[in-house]
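Descriptive structure summary
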Amino acid sequence: MVTDAPGDTPLEERLRELAGSVPDPELPMLTLAELGVVRGVRRTGAAAVEVELTPTYTGCPAVESMAEDIERVLRERGGMAEVRVRRVLAPPWTTDDITPEGRRKLAESGIAPPRTTRPEGPVPVMLSPRRAPATPSPGDGPAPAPGGAGSMRPGATAPVAGVPCPHCGSAETELLSPFSSTACKALRRCTACLEPFDHFKELT
């Protein structure tokens, strides 16, 4: 049982660890912390706590099970008499929120982890003029594209690589079906080792 004074930040951190330790109902090799869906834990009383939980997508059937498991672990192991799990939809969850450890566990379980779409480091952004450029005179050649060659629009993400096989590591894989055992996974096959595998689809 966890005991401390109301509003103690270390205790809230401990309660968040407990909430995050709950296994995902559909991907039990991952904890909710590794999945990145536990957004916050705030004590609202001496033995009361509120947990912010973001579903992987609107209407996710596993959310109710997640909430029930969080409530149980915070009561049984956290000593909280009152637990409220509140759904938070903003900012929305994306597959980039899965931790490196979570991605490693997916691969070890034979599931290709989602490719990272969030660029690392600064993103180059070219600003285009407010007004359209003047119409070029004949012979001037084609007008340049807004923003310049090779520019990225604000908010754009860098290209992602192919889906490697979690069994042999080959990048030569093909899509068999956009849906697999759950809505968040697709079914692919490796053309090198010929093994089929699930791929956790990217959600940005």
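In short, a report on the structure. The model shown is predicted, which means the values in this text are computed figures rather than measured ones.

Re the overall build of the protein
- Helices and strands together make up the secondary structure of the protein, namely four helices and seven strands.
- Buried positions account for 35% of the 204 residues belonging to the protein.
- Of the contacts made within the protein by residues no fewer than 6 positions apart, 55% connect residues no fewer than 24 positions apart.
- Within the structure as shown, the protein displays about 12000 Å² of accessible surface, and the carbon and sulfur contribution to it stands at 55%.

Describing helix 4 (residues 100–108)
- Every buried residue belonging to helix 4 is among G102, R103 and L106, and all of these are buried. Angularly, the buried residues of helix 4 cover 100 degrees about the axis, an arc narrow enough to put them on a single face. With respect to the buried face of helix 4, the exposed residues turned more than 90 degrees away are P100 and E108.
- One or two positions beyond helix 4, positive phi appears at G110, with a value near 85 degrees.

Looking at the sheet that holds strand 2 (residues 48–53)
- Strand order in the open sheet formed by three strands is 1-2-3, with mixed pairing between adjacent strands. Of all the strands in the sheet, the pair left with one neighbour each is strand 1 (38–45) and strand 3 (82–87). Each strand axis lies, on average, 20 degrees off the axis of its neighbour in the sheet, ignoring direction.
- Where strand 2 lies against strand 3, six bridges are found, and the strand directions are parallel. Note that in strand 3 the partner of A48 across the bridge is E82.
- Against the sheet, helix 1 (residues 9–20) touches strand 1 and strand 2, its axis set at about 130 degrees to strand 1.
- Sheet strands touched by helix 3 (residues 63–76): strand 2 and strand 3. Its angle to strand 3, the strand with the most contacts, is close to 150 degrees.

Quick notes on the pattern of salt bridges
- Taken as a whole, this structure holds 14 salt bridges when the rule is applied.
- The salt bridge partner of R72 is D69, with a shortest N-O separation of 2.9 Å. On the criterion of helical spacing, the pair formed by R72 and D69 is a turn pair, its members being three residues apart in helix 3.
- Overall, D69 belongs to the buried group, its relative accessible area being 18%.
- Salt-bridge contacts for E71 lead to R75; the nearest nitrogen and oxygen are separated by 3.9 Å.

Considerations on the nonpolar core
- L15, L35, L53, I70, L74 and F200 are the most contacted members of the largest nonpolar core, which totals 32 residues.
- Contributing elements (two or more residues each) for this core: helix 1, helix 2 (32–35), strand 1, strand 2, helix 3 and strand 3.
- Examining the composition of this core, we find that six residues originate from one element, helix 3, more than from any other.
- Setting aside residues no more than four positions away along its own chain, L74 makes contact with L15, L18, A19, V49, V51, G79, M80 and V83.
- Among the nonpolar cores identified, the runner-up in size contains five residues, and V163, C165, C190 and F197 belong to it.

Some words on the packing of aromatic side chains
- Going through the model one piece at a time under the given rule, you end up with one aromatic pair.
- Summarising the aromatic geometry, the rings of W93 and F200 are spaced 6.4 Å apart at their centres and angled 55 degrees between planes, so their arrangement reads as tilted. Taken as a pair, W93 in the loop between strand 3 and helix 4 and F200 in strand 7 (residues 196–200) lie far apart in primary sequence, 107 residues in all.
- Relative accessible area serves as the criterion here: at 5%, W93 is assigned to the buried category.
- Classification of F200 by relative accessible area gives buried; the value is 3%.

Focus: the environment of R84
- On the secondary structure map, R84 appears in strand 3.
- For the pair R84 and E50, spaced 34 residues apart in sequence, the C-alpha separation works out to 4.7 Å.
- Beyond its immediate chain neighbours, meaning those up to four positions away, R84 contacts V49, E50 and V51.

Conventions used here
- Residues numbered from 1 in each chain as written.
- Predicted model: local features only at pLDDT ≥ 70, side-chain atom pairs only at ≥ 80, totals over all residues.
- Heavy atoms only, no water.
- Helix = DSSP H or I, 4+ residues; strand = E, 2+ residues; numbered from the N terminus.
- Buried < 20%, exposed > 50% of the residue type's maximum accessible area, 1.4 Å probe, protein only.
- Contact = heavy atoms within 4.5 Å.
- Areas by Shrake-Rupley, 256 points an atom, 1.4 Å probe, with all protein chains shown as cover.
- Arc of directions from axis to C-beta.
- Pairing = 2+ DSSP bridges.
- Axes fitted to C-alpha atoms, helices over the stretch in contact; angles between N-to-C directions.
- Salt bridge = Lys/Arg side-chain N within 4 Å of Asp/Glu carboxyl O.
- Core = buried A, V, L, I, M, F, W, Y, C linked by side-chain atoms within 4.5 Å.
- Phe/Tyr/Trp six-rings, centres within 6.5 Å; stacked < 30°, edge-to-face > 60°.

The values reported here are purely geometric and, on their own, carry no functional implication.
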